Amino acid sequence: MENPICLPGQRLSICDNVYTCGQGTYQRQGYIYSMLAGTVDVVDRNGVKVIEVHSTGEQTVIPTQGDIVTAQVYIITQQFAKCYIKCIGSTVLRSPYRGLIRRENIRATEKDKAEVFKSLRPGDIVLARVLPITEAHSYQLSTAENELGVVIAHSEHGYPMVPVSWTEMQCPKTLVKEPRKVAKIIPENIDTGGIVVDS
């Protein structure tokens, strides 16, 4: 059948060594499901058949496993941080997706010792990687790489903070330091005010 039409949540195929998830799909309990209403496309990549679903309306960009996304934290608990995914790579989304960063996915080492409150705060802008998708419209994110984590944060007084180490950011006005899981990226357009960023 040429490009069959499917609905969100519809089971499309078994997920194995031959068939794998692509754009617009997710994997759960060994099967591939559609995330969108649209047409099914099977793309052959190096002998692996990648199942994709493309929206029949305007082009839809959705987070897929392995993507680097830009997200804004809006709620934190002891176990996770909820955030809105605003960009996928360099593509700004028209409407955000919801993401979740679990405590064990905040950093790569000593995962059990990571504390959400000492890593992320509401309002922070983070770079994160999309983990394997197991449910429709629920994106698990990870900041457990050196290049991922908080890139923009504001102090309690509303000033943009600057990184002073990979675990702290500082308010340039009050000089108060706050703990963060800082991404190892120094934006070229931020004036650090003479503060040396060390590792």
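Above this note sits the structure.
All residue numbers refer to positions counted from 1 along the written sequence of the respective chain. With pLDDT at 70 or above as the cut-off, local features in this predicted model cover only qualifying residues; side-chain atom pairs require 80 or more to be listed or tallied, and sums for whole chains, interfaces and linings still use all residues. Side-chain numbers here rest on the full set of heavy atoms in the structure, without hydrogens or water.

On to the sheet that holds strand β14 (residues 162-163), then. By definition, the strands of a sheet pair up through backbone hydrogen bonds, in either a parallel or an antiparallel sense. Read from one edge of the open sheet, three strands run β14-β15-β16, paired in antiparallel fashion. Each edge of the open sheet carries a strand with a single partner, namely β14 and β16 (177-179). Strand pairing is assigned whenever DSSP identifies at least 2 bridges connecting the two strands. A run of DSSP states H or I qualifies as a helix once it reaches four residues; a run of E qualifies as a strand once it reaches two. Both are numbered from the N-terminal end. Pairing geometry for β14 and strand β15 (residues 168-170), over two bridges, is antiparallel. Pairing of V162 across the sheet is with Q170, part of β15.

A separate point is the packing of aromatic side chains. Side-chain rings of Phe, Tyr and Trp (the six-membered ring for Trp) are treated as a pair once their centres are within 6.5 Å; stacked means planes under 30 degrees apart, edge-to-face means over 60, and tilted covers the remaining angles. Per the stated rule, a full pass over the model turns up three aromatic pairs. A ring pair is formed by Y97 and Y139, whose centres lie 5.6 Å apart and whose planes are at 75°; its orientation type is edge-to-face. One end of the pair, Y97, is in strand β10 (residues 91-102); the other, Y139, is in strand β12 (residues 139-142), and 42 residues separate them in sequence. The two residues Y97 and Y139 agree in class, both being buried. Placement of a charge over a ring requires the Lys NZ or Arg CZ to be within 6 Å of the ring centre, with the centre-to-atom vector within 35 degrees of the ring normal. Sitting over the ring of Y31, R11 keeps its end group 4.0 Å from the ring centre. Burial classes: relative accessible area under 20% of the type maximum marks a residue as buried, over 50% as exposed, and values in between as partly exposed (1.4 Å probe, protein chains only).

Pairing in this open sheet of three strands is antiparallel, and the strands run β2-β5-β4 from one edge to the other. In this open sheet, the two edge strands, each paired with only one partner strand, are β2 (11-14) and β4 (25-28). The sheet shows a mean angle of 30° between the axes of neighbouring strands, taken without regard to direction. Sheet topology places β4 next to strand β5 (residues 31-34); four bridges connect them, and they run antiparallel. Of the residues in β5, the one forming a bridge with Y26 is Y33. Between N-to-C directions, angles span 0 to 180 degrees; the directions come from axes that are lines fitted to C-alpha atoms, helices contributing only their stretch in contact.

The next thing to look at is the pairing of strand β8 (residues 68-76). Direction of pairing for β8 relative to strand β11 (residues 125-130): antiparallel, over a ladder of five bridges. Bridge pairing in β11 links I68 to R129. Here β8 hands over to strand β9 (residues 80-88) after three residues, the two strands then running antiparallel side by side.

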